[in-house]
Amino acid sequence: MKGLNTTGKLIVFSAPSGSGKTTIVRYLLQQPELDLDFSISATSRDSRGTEVHGEDYYFISAAAFQKHIKNDDFIEWEEVYTNNYYGTLKKEVERIWNLGKHVIFDIDVVGGLNIKNKFPEQTLAIFVQPPSIEEMEKRLRGRKTDSEEKIKERVAKASKELKFAKDFDVILVNDDLEKAQKEAFKLVENFIK
Ligand code: 5GP
């Protein structure tokens, strides 16, 4: 990422899935004064429901993903779930910085902390905490996109992830969505000033 105009900021939202972070990230993207653009991750998992290639994710094969790893194309990558790889391509962050915008990430907890460690000054790392594991499980079921087995896997991962909350710059508790959105707005607004 040498020779790049790196004046843009990196806003990381990490949380166990079912915490409501995606809803908060979407809300922030709709606020023009924040000048944010979404970092589209590459993943080897299949697309789900209404997800669109090049909008929600770059859906690529496991082989293509491995090739990117070998070429050192990622800022960070992880096998988030067994056989399902996710990663942030260097090119993606460059694309957004070249637009003169700040980058907003919706990524898992370990990936989020990896970005914070790589770009400590430029990154605001926000951990979105669900009110409780029970509430999170309820939200995942309500979403009706995952099998029972997947829900169990996500809940188990969430319990582990909650332990990382303290390593983030900010913990945002999402027990009232509207309140959480307003708080998120203020945090980002102050950080990009
Ligand atoms: P999902 O399959 O629900 O879309 O995502 C599963 C998890 O992977 C979520 O916690 C999501 O935030 C995370 N994730 C998405 N993109 C990336 C990425 O580029 N890197 C990492 N480390 N995690 C990601």
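In this report, the structure presented in the accompanying data block is examined. (Residues numbered from 1 in each chain as written. Predicted model: local features only at pLDDT ≥ 70, side-chain atom pairs only at ≥ 80, totals over all residues. Heavy atoms only, no water.)

### Considering the packing of helix 5 (residues 133-143) against helix 6 (residues 148-161)
- With their axes 10 Å apart at the nearest point, helix 5 and helix 6 run at an angle of 150° to one another. In terms of orientation, helix 5 and helix 6 fall into the roughly antiparallel class. Seen from above, helix 5 lies across helix 6 with right-handed handedness. For the pair helix 5 and helix 6, contact is made by Ile133, Met136, Glu137, Leu140, Arg141 and Arg143 and by Glu148, Ile151, Arg154, Val155, Ala158 and Ser159, respectively.
- Of the residues in the contact of helix 5 with helix 6, the class split is 6 nonpolar, 1 polar and 5 charged. (Axes fitted to C-alpha atoms, helices over the stretch in contact; angles between N-to-C directions. Helix = DSSP H or I, 4+ residues; strand = E, 2+ residues; numbered from the N terminus. Parallel < 35°, antiparallel > 145°, perpendicular 65-115°, else oblique. Left-handed = near helix turned anticlockwise from the far one by under 90°. Contact = heavy atoms within 4.5 Å. Nonpolar A, V, L, I, M, F, W, Y, C, P; charged D, E, K, R; others polar.)

### Here we look at the packing of helix 1 (residues 21-29) against helix 7 (residues 177-192)
- Where helix 1 meets helix 7, the axes come as close as 10 Å, and the angle between the chain directions of the two elements is 55°. Here helix 1 lies oblique to helix 7, going by the angle between them. Classified by chirality, the crossing of helix 7 by helix 1 is right-handed. Contacts from Thr23, Ile24, Tyr27 and Leu28 in helix 1 reach Leu177, Ala180, Gln181, Ala184, Phe185 and Val188 in helix 7.
- By residue class, the composition of the contact of helix 1 with helix 7 is 8 nonpolar, 2 polar and no charged.

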